[in-house]
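Read off the chains here:
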Amino acid sequence: MSESSAEVVADVASAAVAVSAAGAAGGWRRATGIAGVAIGVVAAGAAAGVALERMTVGRGMRQKARLALDSAGPYGSLRGMPGKAFADDGTELYYEVDDLDPEAAPAAIGPRRRRLFGRKSPAPVTVVFSHGYCLSQDSWHFQRAALRGVVRTVHWDQRSHGRSGRGVAQGRDEPVTIEQLGRDLKAVIDAASPEGPLVLVGHSMGGMTVMALADQYPELIRERVVGVAFVGTSSGRLGEVNYGLPVAGVNAVRRVLPGVLKALGQRAELVEKGRRATADLFAGIIKRYSFASRDVDPAVARFAERMIESTPIDVVAEYYPAFNDHDKTEALAHFADLPVLVLAGVQDLVTPSEHSEAIADLLPDAELVLVPDAGHLVMLEHPEVVTDRLADLLTRTGAVPAGATVKGYGSTSTAQPG
């Protein structure tokens, strides 16, 4: 084993030892001992890449590079009109609205059509973006930048993520469920876009949230939703995902991980210190499970890392069991008559592209787009592809007029190149 590889393994071991040493009870020591093993198994796939990086880049230099990327990177800097919604358990849900630029409105909507019998013209289409596990609304940075002013959009943070409040029910030790997330989305829609047509866009857990919304509020889908985009998500059977690990390793992780995460969540402050102490190792893991491209922009990779790092370990622990219980296959039928985009990275290790293909099989009229050389965070890794296909979906739904230019990535123009 090389010196750099040994250092990686030492980091994993030291993190587990540091957490274990702080536990007073024997049960806590056993739990954190298992945590060390679980983390070691998951880290194995990333360790080699981290070790190679360490051969050429010193720890101090890497820390300076992270600080430079944090200060210079523009990603996640877009802000809209803030608002708050309240879930049925009282959780405060933060959202932002980017309104339609009046100058970008279709020319057909002239002064004479703005009022009809003293009433305002129909509400514009609103595109509601739902983000994934351990992320925030900022994960849609590129799509938000491209669509800004062209269409009305709502971006929100799921409970206990981003700027939203900690889940009130979870403070009472109630588990997070995908059904709860569907009700949260309904609360956001009621507050941010109570009328008018909707296009729902969800990535990973956000796509599951959209399915849960349809399952509980089919009349909303029937009466108001005019299009849906599922990005890197799944309708169920997540317990079968192997995350690119050997069978023996993934089975071991599945057996112990729920209990381990619960135990770690109870010592959140201590674990966060351990995460900071092994930042380089976890950066490698995050990159492996987020991206597939070798040449992903370091600033984008660091942006994703910051979002994931900002999710507290107790929140990670609260959400994890919900995914094994998730099954919204039957809810997909509510989207059968709508324009649907199903898009995934071919090398996604978290929600494999086969899960997107399964969704498309149940929605035969959906557009299925599989992006080569793309991982789980496809909207950050290949933003031009995601934005282009979203722009096309919005054109098909009437949210964006044909010929309108989407800034940054792609156009909805139907003209063929000469």
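Residues numbered from 1 in each chain as written. Predicted model: local features only at pLDDT ≥ 70, side-chain atom pairs only at ≥ 80, totals over all residues. Heavy atoms only, no water.

### Focus: the environment of Gly76
Along the polypeptide, Gly76 turns up in the loop between helix H3 (59–72) and strand E1 (81–86). Distance in space between the C-alpha atoms of Gly76 and Ser136 is 9.3 Å, their sequence separation being 60 residues. Apart from residues lying up to four places away in sequence, Gly76 is in contact with Asp138, His141 and Phe303. (Helix = DSSP H or I, 4+ residues; strand = E, 2+ residues; numbered from the N terminus. Contact = heavy atoms within 4.5 Å.)

### Brief notes about the environment of His355
With respect to the helices, strands and loops of the structure, His355 is situated in helix H14 (residues 353–362). For His355, a relative accessible area of 14% puts it in the buried group. Here the alpha-carbon distance between His355 and Gly232, two residues 123 residues apart in the chain, equals 8.3 Å. Setting aside anything within four residues of it in sequence, one finds His355 in contact with Thr233, Ser234, Gly236, Arg237, Leu238 and Val241. (Buried < 20%, exposed > 50% of the residue type's maximum accessible area, 1.4 Å probe, protein only.)

### Looking at the side chain of Ser160
Note on placement: Ser160 falls in the loop between strand E6 (152–156) and helix H5 (168–171). Looking at Ser160, the relative accessible area reads 10%, which means it is buried. When near neighbours in sequence (up to four residues on either side) are disregarded, Ser160 contacts Gly165, Arg166, Gly167, Val315 and Glu318.

### Details of the pattern of salt bridges
Summed over the entire model, instances satisfying the criterion amount to 24 salt bridges. Of the charged contacts, one joins Arg159 and Asp184 as a salt bridge, the two residues approaching to 2.7 Å between their closest N and O atoms. Taken together, the positions of Arg159 in the loop between E6 and H5 and Asp184 in helix H6 (residues 178–192) put the pair 25 residues apart, joining distant regions of the chain. Judged on exposure class, the residue Arg159 and its partner Asp184 are both buried. Between Arg396 and Asp392 there is a salt bridge; the shortest N-O distance is 3.2 Å. Remark: Asp392 and Arg396 occur in helix H16 (residues 383–397); sequence separation between them is four residues, near one turn of the helix. Here Arg396 falls in the partly exposed class, since its relative accessible area comes to 39%. Looking at Asp392, the relative accessible area reads 27%, which means it is partly exposed. Taken together, the shared-partner salt bridges in this structure form one network comprising Arg79, Glu96, Asp98, Asp138, Arg144, Arg148 and Arg163. (Salt bridge = Lys/Arg side-chain N within 4 Å of Asp/Glu carboxyl O.)

### Some details on the packing of H6 against helix H7 (residues 205–216)
Viewed as axis vectors pointing N to C, H6 and H7 meet at an angle of 80°, and their least axial separation amounts to 7 Å. In terms of orientation, H6 lies roughly perpendicular with respect to H7. Side by side, H6 and H7 meet where Ile178, Glu179, Leu181, Gly182, Arg183, Leu185, Lys186 and Ile189 of the first sit next to Met205, Met208, Thr209, Val210, Ala212, Leu213 and Gln216 of the second. Within the contact of H6 with H7, the residues separate by chemical class into nine nonpolar, three polar and three charged. (Axes fitted to C-alpha atoms, helices over the stretch in contact; angles between N-to-C directions. Parallel < 35°, antiparallel > 145°, perpendicular 65-115°, else oblique. Nonpolar A, V, L, I, M, F, W, Y, C, P; charged D, E, K, R; others polar.)

### Points about the confidence of the model for the protein chain
Model confidence for the protein chain is summarised by a mean pLDDT of 79, while 68% of its residues fall at 70 or above. Overall, residues 409–418 carries pLDDT values under 50, and its contacts beyond four positions in sequence, including any with other chains, amount to 22 contacts. (pLDDT = per-residue confidence, 0-100.)

### Quick notes on the nonpolar core
The biggest cluster of nonpolar side chains holds 46 residues, and the ones touching the most others in it are Val201, Phe291, Leu343, Leu380, Leu390 and Leu394. The leading source of residues in this core is helix H12 (residues 298–309), at seven residues. Setting aside its immediate chain neighbours within four residues, Leu394 contacts Val127, Leu147, Val151, Val199, Ala399 and Val400. (Core = buried A, V, L, I, M, F, W, Y, C linked by side-chain atoms within 4.5 Å.)

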